[in-house]
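# A closer look at the structure
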Amino acid sequence: MNRQFRYFWLGCIITSLSWAFVVYYSLSTQEPNTQPIPHEGYSNFHQRLRFHPKNPGFRHVDLDSPDFQERDERFHGRRRKGGIRNEVLNERNRPNKKDDTDQGANDIGLIKNAKDQITREEGYHLYAFNQLISDRLGFHRAIPDTRHQLCTTKHYGPNLPPASIVVCFYNEAWSALLRTIHSVIDRTPKELLHEIVLVDDFSNLDHLKDKLEQYIDAHLPLVRLHRTTKREGLMRARTFGADHATGEVLVFLDSHCEVNRNWLEPLVSRIAEDKRHVVIPIIDIVSSDTFEYQASPLVRGGFNWGMHFRWDQIPDKDLKTKADYVNPVRSPTMAGGLFAIDREYFTYLGKYDQGMDVWGGENLEISFRIWQCGGTLEIIPCSRVGHIFRKRRPYGSPRGEDTMTKNSLRVAHVWMDDYKEYYFRVRPDAKIKAYGDISSRVELRKRLGCKPFKWYLDNVYPEQTLPDEQGHAPVAANQQIFAHPKHTPVKLGQLKHRESGMCVISTKEIHSKGALLKLGPCYDGRQKTSQVWTETDTHEFMLADLLCLDTEGSRRGRAFPRLMKCHFEKGSQEWKWMGEEHNHLYNPASGKCMAVITEEGEKYMSMEICSEDSNMEFEFVR
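Worth saying up front: this structure is predicted, and the values here are computed from it rather than measured.

Attention now goes to the nonpolar core. Counting residues in hydrophobic clusters, the biggest one holds 56 residues, and the most contacted among them are F339, I341, F368, F453 and Y456. Residues within four places of I341 in sequence aside, it is in contact with V249, L250, F252, I271, V278, F346 and L349. In terms of nonpolar packing, the next biggest core, distinct from the first, is built from 52 residues, F169, A173, I181 and L220 among them.

Here it is in structure tokens:
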């Protein structure tokens, strides 16, 4: 045989053998996939049905159709045999009813290997939320209908104005961004959805470049993607998006939201009554740790004299009948991320202050301007949108400036008249800081014939109090002070480690916040009190009714359970029993289980990847 062909066939044989070895090694070392990770766009975790269109492109799902309800009844609300309790909230749940299902965010955050751990840690670093769960949820999921029951009886007239949904983003997570877009498409009537204007504010993450453009071209015909040529910040990016929009109404959403059922109709209906109505949905909470969707109470926006937004209780005079809980509620300010406004009225009012940078203060500026210049700002209780509330902003100013202070100074000098001196009582350091040229905004105020700030306080926000010389303001009569609801004990006793027979105790006094946990002898009699744990109906574990079992804030390296003040907001203080014998303590926020490790002769509690290891087996002993 020719030498050249002999070498060719020898190469083919060697290549084939190499590939055979790689395939064999891969299959033989792969762990059994008992909890499959969903493929992109869908949530197949534990093979359960998730709310999503059959067509991955553009399709509106009728949640009340017999076909959907039949499939929904067949799959939702099931429990897996063995393992972790795992139910999905039904989109058709009765409104305003307590729901104790887990929305699939129970075991969906389970860390199974090093790759999962890296995904989770990088997500917190880049986006300040649990990317592992976000990715596993996919782009479509069922969420509870959190509206008041009376909202289901409301009907909205025909010929409502169509809306352009404006979503600006900067270095957003792929799954969170696409879930925002798909939730709008899935839950918005086609005749009201004019377009989705997507504005990329100079992101530098690879998945937001060609991959995003290709996905939009293939699946999202109503989405218009526009990119800024430099980092503009929220205000200029939103103005840029509004300038490209052509719908009658503009709806601004953040890039990590999930709209709820019938969310848009109440907003555009109110605007159709009067173009000067600027309207806000109730903003429900999506946990940044577990992605659980939680209903928010009916409150309104206010502000303190440090120029920070706050939530206030609604005055009693405005909530006298049941209908008041679903009618528009006047709000002195808006949180800023989500609102709807007539497009022409947005232009007439002066859009956003283009001298503001990146983030901060823009919500108070546009709130003051709406009220002082002839408009109204209202919360629409029958419109609800979920928003991921992060514990920090994962980005800052490109040049490191304090944009919050600069922007607040612009608000104070343009809109607050002599009342700006109260801001300086709280922030005397701000007096000498630069805030740029405000001449165009002062001229805008004159041209619109806007009212003085005193009128705003007297007529819109009479509950607001003024600070004293030291900058301390009395608590306003309607300032929101949230009282934690009472929690019912479901178990009471010592928390015993099965293998060692020892009990979980604090390394310090039982009232010491931040104390770690270890194993110690199980006591009887009076000493036993310091070892008694209470498991509540909302899955907290309280030691001696004082402090709650928490997970360490640091997300890198080894994490240790600790005792912290109870916040009753789940997240790091939510614990679930799991495992075939229901004896593993799993924390959905961390995706790990509590385990016993030995260090310097002591047996401490640690957070580890869940397994059948006996070091993770605990039980209640009365």
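Tallying each qualifying case throughout the model produces 25 aromatic pairs. Ring geometry for F139 versus Y215: centroids 5.9 Å apart, planes at 85°, classification edge-to-face. Here the residue F139 occupies a position in the loop between α4 (131-137) and β1 (163-169), and Y215 occupies one in helix α6 (residues 210-219), the gap between them amounting to 76 residues. The exposure class of Y215 is buried, given its relative accessible area of 12%. Look at F368 and Y456: their rings are 5.1 Å apart centre to centre, the planes differ by 65°, and that puts the pair in the edge-to-face class. Of this pair, F368 sits in helix α10 (residues 362-372) while Y456 is found in helix α14 (residues 453-459), placing the two residues 88 residues apart along the sequence. Judged on exposure class, the residue F368 and its partner Y456 are both buried. Every member of this aromatic cluster is reached through a ring pair, and the members are F303, W305, F368, Y419, Y422, F453, Y456 and Y461. Over the aromatic face of Y170 sits the side chain of R231, whose NZ or CZ is 3.8 Å from the ring centroid. Taking the ring centre of Y395 as reference, the NZ or CZ of R231 above it sits at 5.3 Å.

A few words on the state of the cysteines. Across all of its chains, the model carries five disulfides by this definition. Here C373 connects covalently by a disulfide to C450, the sulfurs 1.9 Å from one another. Between C373 and C450 the sulfur-sulfur dihedral comes to about 100°; the bridge is accordingly right-handed. Remark: C450 occurs in the loop between α13 (439-448) and α14 and C373 occurs in the loop between α10 and β12 (376-389); sequence separation between them is 77 residues. Take C373: its relative accessible area is 8%, and that puts it in the buried class. A disulfide bridge connects C593 with C610, and the sulfur atoms are separated by 2.0 Å.

We now examine the environment of D318. Along the chain, D318 falls in the loop between β9 (309-312) and β10 (329-330). Separated by 3.3 Å, the side chains of D318 and K317 make a polar contact.

Conventions used here
- Think of each chain on its own: its residues are numbered from 1, step by step along the sequence as written.
- Selection of residues for local features in this predicted model requires a pLDDT of at least 70, selection of side-chain atom pairs for listing and counting requires 80 or more, and totals for whole chains, interfaces and linings are taken over all residues.
- Neither water nor hydrogens contribute to the side-chain values; these are computed over all heavy atoms in the structure.
- To form a nonpolar core, buried Ala, Val, Leu, Ile, Met, Phe, Trp, Tyr and Cys residues must be joined to one another through side-chain atoms within 4.5 Å.
- With a 1.4 Å probe rolled over the protein chains alone, any residue whose accessible area is under 20% of its type maximum counts as buried; one over 50% counts as exposed, and the rest are partly exposed.
- The contact criterion used is simple: two residues touch if any of their non-hydrogen atoms lie within 4.5 Å.
- Only centres within 6.5 Å qualify two rings of Phe, Tyr or Trp (six-membered ring in Trp) as a pair; their planes then separate them into stacked at under 30 degrees, edge-to-face at over 60, and tilted for everything else.
- Where helices and strands are cited, they refer to DSSP runs of H or I of at least four residues and of E of at least two residues respectively, numbered from the N terminus.
- Only when the NZ of Lys or the CZ of Arg is both within 6 Å of the ring centre and within 35 degrees of the ring normal is a charge said to sit over the ring.
- Only a pair of cysteine sulfur atoms within 2.5 Å qualifies as a disulfide here.
- Pairs of N or O atoms within 3.5 Å make up the polar contacts considered here, provided that, within protein, one atom can donate a hydrogen while the other can accept it, and that residues adjacent in sequence are counted only when both atoms are side-chain atoms.

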